[in-house]
Amino acid sequence: MRLPEFEYFEPAYLDEAIDLLEKHGNNCTVIAGGTELVVALKQRLQNPKYLISLDKVPSLKNITDKGDSISIGPLCTLEEIIKSKLIEEKLPALRKAAWEVGSPLLRSVATIGGNICLNTRCRFYNQSLFWRSSREACFKAGGGVCHVAKKESRCNSAFAADLPPVLISYGAKIKLRGAKGTRVLPLESFYTGDGRFPNELLKGSREILTEIEIPLPQGNYAGSYHKFRLRGSIDFPLVGAAVRLKINEEKFCEEARIILTGVGPAPVEAGEACAQLAGQKLSADLISAVAETAVSEIRPFKTTLVSPRYHQKMARVVMAEALREAGGFK
Ligand SMILES: Cc1cc2nc3c(=O)[nH]c(=O)nc-3n(C[C@H](O)[C@H](O)[C@H](O)COP(=O)(O)OP(=O)(O)OC[C@H]3O[C@@H](n4cnc5c(N)ncnc54)[C@H](O)[C@@H]3O)c2cc1C
């Protein structure tokens, strides 16, 4: 498949990139590693006239220890994240999630920023133009139907990036910069829950993700990330579960966050499951019950080749694994 024609810019400064984005408006897309975007261009899922590469902007590539937090530039590749001693020591679940993405070759160019900004996916949408043209356009493609849930009046494509659930469980905030200034928001509020325009940038905010900041609270915190995919490697998560627990010496859970990916148009926080854990002593029985509750909080559609029932079954398995690891049971 050939790429469409576009004009390519490589600004050396962030301000220059923001000016270009403002000037060319909705005809323009930012590119980082290109591992998602190039496929989308070839499949004509996006047709920008202008591409702005962030690769030459050095200020977006640092990993910095700020004492009570770690700051990560969005242009850091997943390989750099995996190799960072700081991340290995302070944010092991993030390192694991990065390691679970795609293949070594892909991770050497794919960035954390691109992973956060990943578009939602669906088996009826992520196809060639030729394949898609045999059916009525779905909501995601600007049409008026959802092929995976005919009675639904909105797009149900799934968000299936590996790093955001872990980042949300750590309480990460992101910085978005545009012509009107900079804003900081908790990562979870970046996602809209609307499969058609799943994040602030895809909604058309004309901003650039410039920093990810992850707090490092004091206390006995443990985190984990488990993923299930259909192929053994080089595959998106069918479901991924990030768990972060604060546990005291008697194994009582003081705080809990459980975030799932792959099961809806945005990362899903299993709030009821977290409430069930709060103040309780961790045990194998409690973990099974909590995994069951978390599954009742999700509603996956048939956006991949598996049935929603199987999807939920695997979510329960992955969730229990993640809880067991974070709780020190293996
Ligand atoms: C074969 C294959 C397997 C894959 N497997 C996985 C997997 O297992 N898990 C997974 O999570 N992903 C997977 N991916 C998706 C993708 O490779 C990764 O999510 C990757 O991290 C995307 O980063 P990138 O730098 O290549 O993004 P790009 O393709 O450059 O960009 C992706 C999107 O983010 C936007 N963007 C990027 N950076 C910024 C920024 N700083 N500011 C504003 N917008 C920005 C772009 O405009 C674009 O919309 C896979 C892709 C392929 C092709």
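Bear in mind the structure is a predicted one, so any value in this text is a computation, not a measurement.

Some points on the site of the ligand
In the vicinity of the ligand, 30 residues are found, and the nearest of them are Gly 33, Thr 35, Gly 114, Asn 115 and Cys 117. Of all the elements in the fold, those that place two or more residues in the shell around the ligand are strand S2 (28-31), helix H2 (37-42), helix H7 (112-116) and strand S8 (207-215). Grouping the amino acids of the shell around the ligand by side-chain chemistry returns 18 nonpolar, nine polar and three charged.

What about the domain arrangement of the protein chain?
If you check the domain split of the protein chain, you get domain 1 (1-56), domain 2 (58-117 + 158-215) and domain 3 (221-326). On a C-alpha basis, the centres of domain 1 and domain 3 stand 35 Å from each other.

Observations regarding the environment of Ser 69
Position of Ser 69 relative to the elements: it lies in strand S5 (residues 69-72). Distance in space between the C-alpha atoms of Ser 69 and Pro 215 is 4.1 Å, their sequence separation being 146 residues. Setting aside its immediate chain neighbours within four residues, Ser 69 contacts Glu 213, Ile 214, Pro 215 and Leu 216.

Some thoughts on the environment of Ile 174
Within the secondary structure, Ile 174 is located in strand S6 (residues 173-178). Its 24 C-beta neighbours within 10 Å are what place Ile 174 among the buried residues. Separated by 15 residues in the primary sequence, Ile 174 and Ser 189 place their C-alpha atoms 9.8 Å from one another. Setting aside residues up to four positions removed in sequence, Ile 174 forms contacts with Ile 116, Leu 185, Leu 187, Phe 190, Leu 209, Glu 211 and Ile 212.

A look at unusual backbone geometry
Its identity as a non-glycine residue notwithstanding, Ile 234 has a phi of 50°, on the positive side. You can see Ile 234 is positioned in the loop between strand S9 (221-228) and strand S10 (239-247). Of note in this structure, Lys 251 is not a glycine but carries a positive phi near 70°. Given 13 C-beta atoms within 10 Å, Lys 251 falls into the partly exposed group.

Observations concerning the packing of helix H12 (residues 284-296) against helix H13 (residues 308-326)
Axis separation between H12 and H13 bottoms out at 9 Å; the angle between their running directions is 135°. Classed by the angle they form, the pair H12 and H13 counts as oblique. Crossing handedness for the pair H12 and H13: right-handed. The segment H12 lies against H13, with Ile 287, Ser 288, Val 290, Ala 291, Glu 292, Ala 294 and Val 295 engaging Gln 312, Ala 315, Arg 316, Met 319, Ala 320, Leu 323 and Arg 324. Along the lines of polarity and charge, the residues of the contact of H12 with H13 split into nine nonpolar, two polar and three charged.

Rules of the game
Residues numbered from 1 in each chain as written. Predicted model: local features only at pLDDT ≥ 70, side-chain atom pairs only at ≥ 80, totals over all residues. Near = placed C-beta within 6 Å. Helix = DSSP H or I, 4+ residues; strand = E, 2+ residues; numbered from the N terminus. Nonpolar A, V, L, I, M, F, W, Y, C, P; charged D, E, K, R; others polar. Domains from an automatic or database assignment. Contact = placed C-beta atoms within 7 Å. Buried ≥ 20, exposed ≤ 12 C-beta atoms within 10 Å, placed from the backbone. Axes fitted to C-alpha atoms, helices over the stretch in contact; angles between N-to-C directions. Parallel < 35°, antiparallel > 145°, perpendicular 65-115°, else oblique. Left-handed = near helix turned anticlockwise from the far one by under 90°.

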